[in-house]
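Letter by letter, the chains look like this.
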Amino acid sequence: MAKQEGFWSTPLTNSLVKSQDVKLPEMVFGYFIGPFGALLSSGIFTSFLNKYFTDVLRLDTAFLSALQLVSTLLIVAANLIVGQLIERTKALAGKARPWVLLSALTLSVSSVLMFIVPFEGTAKMVWVAIAYNLYYAVAYPIYNTANSTLIPVSTRNSQQRGALASFTNVAGLGVMGVGSMVFPMLVSNVMKEDQNMWFLVMLGVAVFSALTIYLQFRFTRERVTEEGMGADHSSAPAKTATMGEQLRAVTSEKWWWIAILFYLAFQWSGAMKNGSMSYFCQWVADSSMLGGDYGAVQSLLAILGAIPMAAAAAVVVPLANKFGKRLVTMAGMALGVAGGVIAGLGNGQIIPVAVGVALKCLGSAPACYLILAMLADVIDHIEFKSGIRTDGLTMSIYSCVMVAATPVCNAAFMAMLGGAGYVAPPADAAAAAAMTQTAAVQGTIAVSYIWIETIAYAVCAALMLLWTVEKNLPAEQEAIARRKK
């Protein structure tokens, strides 16, 4: 251990966090700036990677669809593998932080490979497929699983974990905002179809990501992991449970299932909404109040969704500390259902749709900001019952649910559109503006954008009725501490 400890004790690798309590610098650098920089490329890719592939690299859409679906299998497998690697990592820096540091290299390098592409023809597709999977099936799982694992191992204090989870999710929303609101102006005015400009911009993003991930590594600490070390930090945590033992521990716990099913419904319905949004704005929403510009409708709905989410960041954690995560999240889901009903009954009219979308996004804020803290509470409860930590397995499954949502739901939405008889608009702008879709297509789009998520929120609210893990958590954490002593 001496050599390993020496590496993690150097001035460039030791943690700058010394307090046993979570302080503001740890929150800001470790759980906001770090994740913001790390996930910035992902936020951009969500909005513009397909456009880059089709409009700049001129890749075939059938190839791109097949690539993303096949890659989903690799992504899921990679997240599960990384989770187990994290669970078995024993270092003075902890078990997740070493992988965060590694991702400063892997995430930044892989994020620019798709923008080099030195080949043409079949070789170009092979290069893109390899680069795509190096990012999504190697680098991204390393960072995302390690970053998610930091929440439950950061501290036993449930309120402080709630604050850290909120900071991390605000960072995630921030990068999505950059990708959907700021980056479009850069694309339309500067980058356009110039591959060299795309490369230079993404190279700058990669350098920024590497620096912020390093900041995150320096300004984080795994207090829970340290509990298993000796007083002089010379010994590693106790023997890691096998994957079978971890699976038995988590799958036998009802609250673990509630949390995972909650997040599955929440995340996948959101992915369906995001994938159908541009279609809803073009073919269903009444854009006459905005001069017939469906792009303006999309921008309006994006802004009205982002503002309530940003405003809620200031109050969600204090409310959760006072009333509990269960009640705050359940109330938020109920509000989201009400907003979805308003938007759905608006029948495409911009005012009721905008009001409903704003309410639905406001209602989603508690779930978005608190889900990691809720999972951390379950992990502590499982440790109390079984005596083993399941951070790596739980967070790898969490990451699988999140990452697989977009390609799977996009594929499902495309199948639904095709079944309804969707017709792509012609290249001629005037002809496209005069075109309409059938009632079946419009109904399919409205269901995908509004009603699927609304129903999912109702299911999530019902699941929260069963969520009572917080009730005995302080006593269970005290018992864990006595057991370790």
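On a predicted model such as this, the values are computed, not experimentally measured, just so you know.

Participant: A description of the confidence of the model for the protein chain should follow, citing residues and the corresponding values.
Facilitator: The predicted model of the protein chain has a mean per-residue pLDDT of 85, with 93% of residues at 70 or higher. Taken element by element, the predicted model of the protein chain shows its lowest mean pLDDT in helix H1 (residues 2-8) (65) and its highest in helix H13 (residues 325-345) (95). For residues 231-238, every residue scores under 50 in pLDDT, and the model assigns this stretch 15 contacts once sequence neighbours within four places are set aside.

Participant: Report on the packing of aromatic side chains, specifying residues and quantitative values.
Facilitator: One pass over the structure, following the stated rule, counts 20 aromatic pairs. Summarising the aromatic geometry, the rings of Trp8 and Phe217 are spaced 5.9 Å apart at their centres and angled 50 degrees between planes, so their arrangement reads as tilted. Highlighted residues: Trp8 in helix H1 and Phe217 in helix H7 (residues 195-218), separated in sequence by 209 residues. The buried category is assigned to Trp8, whose relative accessible area is 11%. Look at Phe217 and you get buried, because its relative accessible area is 0%. Taken together, a centroid distance of 4.7 Å and an interplanar angle of 40 degrees make the contact between Tyr132 and Tyr136 tilted. Linking Tyr132 with Tyr136, this pair stays in helix H5 (residues 121-154), spanning four residues, or about one helical turn. On the accessibility criterion, Tyr132 (6% relative accessible area) is buried. Feature note: the residues Phe45, Phe115, Tyr132, Tyr135, Tyr136, Tyr140 and Trp198 constitute an aromatic cluster, connected by ring pairs.

Participant: Could you give me a rundown of the pattern of salt bridges, with the residues and numbers involved?
Facilitator: Counted according to the given criterion, the structure contains 18 salt bridges. Here Glu453 makes a salt bridge to Lys360, at a shortest N to O gap of 3.1 Å. Taken together, the residues Glu453 in helix H17 (residues 439-464) and Lys360 in helix H14 (residues 350-386) connect sequence positions 93 residues apart. The two residues Glu453 and Lys360 agree in class, both being buried. Where salt bridges share partners, they join Glu87, Lys95, Arg156, Arg161, Glu227, Lys325, Asp377, Asp380, Glu383, Arg389, Asp391 and Glu470 into one cluster.

Participant: With reference to specific residues and values, describe unusual backbone geometry.
Facilitator: Unusually for a residue other than glycine, Val117 sits at a positive phi of about 45 degrees. Position of Val117 among the secondary structure elements: in the loop between helix H4 (97-113) and H5. The class for Val117 is buried, based on a relative accessible area of 8%.

Participant: Give a detailed account of the side chain of Thr454, specifying residues and quantitative values.
Facilitator: Take Thr454: it is sitting in helix H17. Accessibility expressed as a relative area gives 4% for Thr454, which makes it buried. Sequence-distant contacts of Thr454, that is, excluding residues within four places in its chain, are made with Val337, Gly340, Val341 and Lys360.

Participant: Summarise the state of the cysteines; cite the residues concerned and give the values.
Facilitator: This model, assessed by the stated rule, comprises zero disulfides. Just so you know, Cys400 is unpaired, no disulfide at all, and the nearest cysteine sulfur is the one on Cys409, 15 Å from it. Under the relative-accessibility criterion, Cys400 is labelled buried at 9%.

Participant: Account for helix H15 (residues 391-420), with residues named and values stated.
Facilitator: In this model, H15 (30 residues) spans 43 Å end to end at C-alpha, consistent with the 44 Å of a helix rising 1.5 Å per residue. Within H15, the axis deviates most sharply at Ala405, by approximately 40 degrees, and proline Pro407 lies no more than four positions further along. Where H15 ends, the next residue or the one after it, Gly421, has phi of about 95 degrees, a positive value.

Participant: For a nonpolar patch on the surface, give the residues involved together with the corresponding values.
Facilitator: Taken together, the side chains of Met289, Leu290, Leu300, Ile342, Ile351 and Val355 make up a nonpolar region of the molecular surface, amounting to roughly 500 Å² of accessible area. Looking at the secondary structure, you find Ile342 in helix H13. Taking the relative accessible area as the measure of exposure, Ile342 reaches 34% and is therefore partly exposed.

Participant: Describe the environment of Ser288, and please don't skip the residues or the numbers.
Facilitator: By the secondary structure assignment, Ser288 is in the loop between helix H10 (254-283) and helix H11 (294-312). Between the C-alpha atom of Ser288 and that of Ile350, which follows or precedes it by 62 residues, the distance is 8.9 Å. Of the polar contacts made by the side chain of Ser288, one reaches the side chain of Asp286; its length is 2.9 Å.

Participant: Describe the side chain of Ser396, with residues and values.
Facilitator: Checked against the element boundaries, Ser396 lands in helix H15. Accessibility expressed as a relative area gives 0% for Ser396, which makes it buried. The residues touching Ser396, leaving out its near neighbours within four places in the chain, are Asn79, Leu80, Gly83 and Thr145.

Rules and cut-offs
Residues numbered from 1 in each chain as written. Predicted model: local features only at pLDDT ≥ 70, side-chain atom pairs only at ≥ 80, totals over all residues. Heavy atoms only, no water. pLDDT = per-residue confidence, 0-100. Helix = DSSP H or I, 4+ residues; strand = E, 2+ residues; numbered from the N terminus. Contact = heavy atoms within 4.5 Å. Phe/Tyr/Trp six-rings, centres within 6.5 Å; stacked < 30°, edge-to-face > 60°. Buried < 20%, exposed > 50% of the residue type's maximum accessible area, 1.4 Å probe, protein only. Salt bridge = Lys/Arg side-chain N within 4 Å of Asp/Glu carboxyl O. Disulfide = S-S within 2.5 Å. Expected span 1.5 Å × (residues − 1). Bend = angle between axes of the 7 residues up to and from the residue. Patch = residues over 30% accessible without salt bridge, like charges linked within 9 Å, V, L, I, M, F, W, Y side chains within 5 Å. Areas by Shrake-Rupley, 256 points an atom, 1.4 Å probe, with all protein chains shown as cover. Polar contact = N/O pair within 3.5 Å; in protein donor to acceptor, adjacent residues only side chain to side chain.

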